[in-house]
Amino acid sequence: MKKVLLLLIVVAIVLPMKAQEASTEKNVLKVNTLSLIVGTGSIFYERSFTENIGGQLGVAYLGFKAGDTKFSGLILTPEVRYYPKANAIDGFYLAPYLRYQKFTVSNSGQNAEGSLNSFGGGLLFGRQWITNSGFTMDLFFGGHYGGSSVKVESGSENDLDTGKFEGFKPRIGFALGFAF
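As the structure is a computational prediction, the values presented were derived from the model and not from experiment. (Residues numbered from 1 in each chain as written. Predicted model: local features only at pLDDT ≥ 70, side-chain atom pairs only at ≥ 80, totals over all residues. Heavy atoms only, no water.)

Participant: Lay out the overall build of the protein in plain terms, naming residues and giving numbers.
Facilitator: Check the secondary structure of the protein and you find 1 helix and 8 strands. Along the protein, helices (α) and strands (β) appear in the sequence α-β-β-β-β-β-β-β-β when read from the amino end. Counted over contacts in the protein with a minimum sequence separation of 6, partners at least 24 positions apart contribute 60%. Accessible area for the protein stands at about 9600 Å²; split by element, carbon and sulfur atoms hold 64% of it. (Helix = DSSP H or I, 4+ residues; strand = E, 2+ residues; numbered from the N terminus. Contact = heavy atoms within 4.5 Å. Areas by Shrake-Rupley, 256 points an atom, 1.4 Å probe, with all protein chains shown as cover.)

This is the structure:
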């Protein structure tokens, strides 16, 4: 069910891209600099659909260690951005989003291994600036609520510290990139 929902969101973002004229296309490619602090490399692609609406897809790879527990894997984050002042991709925005995460998890101290699937969503508030040269800065903050399931391959689920992916968490970021 989660995969079907994610696929529908991606299709909803991609289809309007095909319908737009080439002369009206507006795109942004950027990297979240704050995510590097927690060992996550993330890249975002945003496209304006109308004067008020844009869509963004984020793809990230997490390599993070908390205590003896190591997480590594993929994060997908589709979002719809609403720009109230009709200047899509440049200005203040509100962005509801979904997030799917799939990680391998291991605890070397307890000899435990498994996989974690997490699904959630939230709402962001942000401001994106695009200079005349196309340089882009995107500052955002909001909240995220998610749940996860763990499949243990060896050891015990208690040996894998997966609670970081449950419940409400803040989400902040500062992305740099280029508009084209």
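Participant: Account for the pairing of strand E4 (residues 69-82), with residues named and values stated.
Facilitator: Pairing of strand E3 (residues 53-66) with E4, which is carried by 14 bridges, proceeds in the antiparallel orientation. When the bridges of E4 are listed, Ile53 appears paired with Tyr82. Hairpin geometry of E3 and E4 is characterised by an intervening segment of 2 residues between the two adjacent antiparallel strands and by a positive phi of about 65° at Gly67. Sheet topology places E4 next to strand E5 (residues 91-107); 10 bridges connect them, and they run antiparallel. Bridged to Leu74 within E5 is Lys102. (Pairing = 2+ DSSP bridges.)

Participant: Run through the nonpolar core, naming residues and quoting values.
Facilitator: Grouped burial of nonpolar side chains is what soluble globular proteins tend to show. By size, the foremost hydrophobic cluster in this structure holds 10 residues: Ala60, Leu62, Phe71, Ile75, Phe103, Val105, Ala112, Leu116, Leu160 and Phe165. Of all elements in the fold, only E3, E4, E5 and strand E6 (112-130) reach the threshold of two or more residues within this core. Ile75 has contacts with Thr40, Gly58, Val59, Ala60, Leu62, Arg99, Tyr100, Gln101 and Phe103, leaving out every residue within four places of it along the chain. Membership of the second largest hydrophobic core comes to 9 residues, among which are Tyr83, Ala95, Tyr97 and Phe140. (Core = buried A, V, L, I, M, F, W, Y, C linked by side-chain atoms within 4.5 Å. Buried < 20%, exposed > 50% of the residue type's maximum accessible area, 1.4 Å probe, protein only.)

Participant: Tell me about the packing of aromatic side chains, residues and numbers included.
Facilitator: Summed over all chains, the structure comprises 7 aromatic pairs. Their ring planes at 75° and their centres at 6.0 Å tell us that Phe135 and Phe178 sit as a pair that is edge-to-face. In this pair, Phe135 sits in strand E7 (residues 135-154) while Phe178 sits in strand E8 (residues 167-179), placing the two residues 43 residues apart along the sequence. In textbook terms, an aromatic cluster arises when at least three aromatic residues are bridged by ring pairs, as seen for Phe71, Phe103 and Phe165. Across from the ring centre of Tyr93, 3.9 Å away, lies the NZ or CZ of Arg81, which sits over that ring. (Phe/Tyr/Trp six-rings, centres within 6.5 Å; stacked < 30°, edge-to-face > 60°. Lys NZ or Arg CZ within 6 Å of the ring centre and 35° of its normal.)

Participant: Report on the environment of Ala88, specifying residues and quantitative values.
Facilitator: Examined against the element boundaries, Ala88 turns out to sit in the loop between E4 and E5. As a C-alpha pair, Ala88 and Phe49 span 39 residues in sequence and 8.0 Å in three-dimensional space. With residues near it in sequence (within four places) discarded, Ala88 still touches Lys26, Ser48, Thr50, Glu51, Asn52, Ile53 and Tyr83.

Participant: Give me the lowdown on the sheet that holds E3, citing residues and values where you can.
Facilitator: Ordered in space as E1-E2-E3-E4-E5-E6-E7-E8, the 8 strands form a closed barrel in which the pairing is antiparallel. Ignoring strand direction, the axes of neighbouring strands in this sheet form an average angle of 25°. (Axes fitted to C-alpha atoms, helices over the stretch in contact; angles between N-to-C directions.)

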